[in-house]
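Secondary and tertiary structure notes
Take a look at the letters that make up each chain.
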Amino acid sequence: MILAADSGSTKTDWALLSAGKEPVFFKSAGLNPNFADMATAPAEIRSALPVGICPEDVSGIWFYGAGVNSLTAGKIEHMLRETFPSAGAISVESDMLGAARALLGNEKGFVAILGTGSNSCLYDGEGICRNVPSLGFVLGDEGSGGAIGRMLLRDCLRGTMPEAFGSGFRDMLGMDAAGVIDRIYTQPRPNAFCASLARYALDRKDTDPYAAALVGGALRSFFSSVVSLYDGLDGLAFNAVGTVARLCEKELMSLAAEWGMKPGKVLGSPIEGLAAFHRPI
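Residues numbered from 1 in each chain as written. Predicted model: local features only at pLDDT ≥ 70, side-chain atom pairs only at ≥ 80, totals over all residues. Heavy atoms only, no water.

**Quick word on the environment of C129**
When you line up the elements, C129 lands in strand β8 (residues 128-130). C129 sits 21 residues away from K108 along the chain, and the two C-alpha atoms are 10.0 Å apart. Those residues in contact with C129 that sit more than four places away from it in its chain are L122, Y123 and D124. (Helix = DSSP H or I, 4+ residues; strand = E, 2+ residues; numbered from the N terminus. Contact = heavy atoms within 4.5 Å.)

Structure follows, in C-alpha cells:
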C-alpha cells in the first residue's frame, strides 16, 4: 500500500491507498519542518496509524507539506524513511502542489490555500508555473487563520476590541499580555496558536459586526496583497483549500468576483482529492 499525506503546521492528514480498496484516512500532528520536531515525528506518526497497519506495510509515499522547499525536503524524506523503512519511492512536495492536484487534478487554474497559513499559485495541470511567495507567519500569510488570530490578539491587548466581543474572547484566551508575549515569542508553533484563536471570530462573523469586519479585512488583504500580483486572472475560477476557505467560501467568492474571477471549488482539506489523484488502479 502507499500513503498520501497533506501536512500543515497544525495537523497532517494521511490516506492509506490500496488497489481495489477504499482509502483509509487518519491524522497526526503537523510536520512543517520550520516548526515540528523531526526527532519525535516518527514515533508520533506510528502511534497514529490505524489498528492493524504496520509501518513495514507502506511501500511508497506521496507527501505534500507546508514549509517544504529545496532546503527542507531532505529533512522530511529522512524522517519518512525512518518511520516507514520499507517505503521505496518517497516524493516530498509543497502543500501548494498538493492543493493544486487535489482541486484540479490535471487541469489548469488558480489555487489558494487559506488555513493556518496562506499561499497561492497558477497551476498548468502538471506543476506550479507562478507563485507569489507567501513569506510565512512573520512577513505574510495574509488571510490565514494565523493572520486572523494575530489581529485578534493585537486588538485585544491594545484595548480596541469591542467589549461585547472582547469579554468572551478574553475568557477563551485565558492569559494576560505577558502570557501572550511569552506564548508567541518563546514557545513553539506561534502560527498554530494564533490560528486556533481565529475560530472564535470565524464562528461569529455572520452575527457580530466586529468579527465580520476583521475577517473580511483579512480576506481582502489576501486579495489586495497577493492575488492582485498575478496577471491574467480575468475569467479564471478561484479555487481554494483550508479551514478558513471552507468557512469563508461566500466572502471569498464575492471578493473573487471583484477581481474578475469566477467561483470555483472549495475544499476543507486536500486529502480526499489527493487520495483520488494517487489511488492505485
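**Structural notes on the nonpolar core**
In a soluble, globular protein the nonpolar side chains are often hidden away together inside. Counting 48 residues, the largest nonpolar core has F110, I148, L152, L153, F165, F169 and F238 as its most contacted members. Not counting chain neighbours up to four residues away, the residues in contact with F110 comprise L104, S120, C121, L122, V227, Y230, L233, L236, A237, F238, N239 and M261. Judged by nonpolar contacts, the second largest core, of 23 residues, contains A36, L49, I61 and V92. (Core = buried A, V, L, I, M, F, W, Y, C linked by side-chain atoms within 4.5 Å. Buried < 20%, exposed > 50% of the residue type's maximum accessible area, 1.4 Å probe, protein only.)

**Points about the packing of aromatic side chains**
Centre-to-centre distance and the angle between the planes together describe a pair of aromatic rings. Per the stated rule, a full pass over the model turns up 12 aromatic pairs. Both rings, one in F169 and one in Y200, keep their centres 5.7 Å apart while their planes meet at 65°; by these two values the pair is edge-to-face. Within this pair, whereas F169 is found in helix α6 (residues 163-173), its partner Y200 is found in helix α8 (residues 190-202), the two being separated by 31 residues in sequence. Since its relative accessible area comes to 0%, F169 is described here as buried. Among the aromatic side chains, those forming a connected cluster through ring pairs are F110, F222, F223, Y230, F238 and W259. Lying over the aromatic face of Y230, R130 brings its terminal NZ or CZ to 5.4 Å of the ring centre. Of note, R204 hangs over the ring of Y200, and the distance from its end group to the ring centre comes to 3.6 Å. (Phe/Tyr/Trp six-rings, centres within 6.5 Å; stacked < 30°, edge-to-face > 60°. Lys NZ or Arg CZ within 6 Å of the ring centre and 35° of its normal.)

**Some words on the pairing of strand β5 (residues 90-94)**
The element β5 is extensively covered by neighbouring structure, given that four of its five residues are classed as buried. Where strand β4 (residues 60-65) meets β5, five bridges bridge the pair, whose relative direction is parallel. Bridging from a neighbouring strand, G65 pairs with S94 of β5. The β-α-β motif built from β4, the intervening helix α2 (residues 73-83) and the parallel element β5 has right-handed crossover chirality. (Pairing = 2+ DSSP bridges. Right-handed = clockwise from strand over helix to strand, strands pointing away.)

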